Amino acid sequence: MTNTPPPAGGPRRPSDRLLHLAVALFGIGILAVVAIFVTPIVSDSSPGLWLYCLAMLAPVGFLLGLVFALWSGRRAR
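The shown structure was predicted, so the numbers you read here are calculated from the model rather than taken from an experiment. Every chain is numbered independently, its residues counted from 1 as its sequence is written. Totals for whole chains, interfaces and linings use every residue, but because this is a predicted model, local features are given only for residues with pLDDT of at least 70 and side-chain atom pairs only at 80 or more, for both listing and counting. Only hydrogens and water are set aside; all other atoms, that is, all heavy atoms of the structure, feed into the side-chain values.

## Digging into the environment of isoleucine 36
Spelled out, the test is: Numbering goes from the N terminus for both helices and strands, where a helix is a DSSP run of H or I of at least four residues and a strand is a run of E of at least two. It only takes one pair of heavy atoms within 4.5 Å for two residues to be counted as in contact.
In this fold, isoleucine 36 is placed in helix H1 (residues 14-42). Considering only alpha carbons, one finds isoleucine 36 and tyrosine 52, 16 residues apart in sequence, at a separation of 7.5 Å. Those residues in contact with isoleucine 36, other than ones at most four positions away along the chain, are Pro47, Leu51, Tyr52 and Ala55.

So this is what it looks like as structure tokens:
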């Protein structure tokens, strides 16, 4: 018997979902920050409050990414 690795298309671990969520939230937050700077250039209006609220997702996604890194880097016993 040999030890073979599991197939590549195997089930995902729950921690993979945390990484995907962190990347998605961070990406949405960064896009909102870019939109905040582009809005006054493109139009004469100021960015809406909802855009500033979306921009707060960037640090949330970053913190979730740190949690994922610390959680996945833990040694298995």
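## Regarding the confidence of the model for the protein
Residues shown with low pLDDT carry predicted positions that ought not to be read at fine detail. Short version of the rule: Note on scores: pLDDT gives the predictor's confidence for each residue, bounded by 0 and 100.
Chain-level statistics for the protein give a pLDDT mean of 86 and a share of 78% at 70 or above. Within the protein, the lowest mean pLDDT, 93, falls on H1, and the highest, 96, falls on helix H2 (residues 49-55).

## With respect to a nonpolar patch on the surface
Rules: A residue counts toward a patch only above 30% relative accessible area and without a salt bridge, and it is joined to like-charged neighbours within 9 Å or, for Val, Leu, Ile, Met, Phe, Trp and Tyr, to nonpolar neighbours within 5 Å. To measure how exposed things are, a 1.4 Å probe is used in the Shrake-Rupley method; for residues, cover is taken only from the protein chains shown. Here, a salt bridge means any Lys or Arg side-chain nitrogen found within 4 Å of an Asp or Glu carboxyl oxygen.
A cluster of nonpolar side chains, Phe26, Ile30, Val34, Val38, Ile41, Val42, Phe62, Leu63 and Leu66, forms an exposed patch at the surface whose accessible area comes to about 860 Å². Every element with two or more residues in the nonpolar patch is listed here: H1 and helix H3 (57-72). The element best represented in the nonpolar patch is H1, accounting for six residues. Take valine 38: it is sitting in helix H1.

## Here we look at H3
Inclusion rule: By this rule, a helix spans an expected 1.5 Å times one less than how many residues it contains. Exposure categories follow from relative accessible area, calculated using a 1.4 Å probe and restricted to protein chains: below 20% of the type maximum is buried, above 50% is exposed, and the middle band is partly exposed. Note that the arc is defined by the directions from the helix axis to the C-beta atoms.
A rise of 1.5 Å per residue sets the reference length of H3, with its 16 residues, at 22 Å; its end C-alpha atoms lie 22 Å apart and thus fit the reference within 8%. Turning to H3, its buried residues number three or more, namely Ala58, Gly61 and Phe68. Buried residues of H3, viewed axially, fall in a sector of 80°; they line one side. For H3, exposure combined with an orientation more than 90 degrees from the buried face picks out Leu63 and Leu70.

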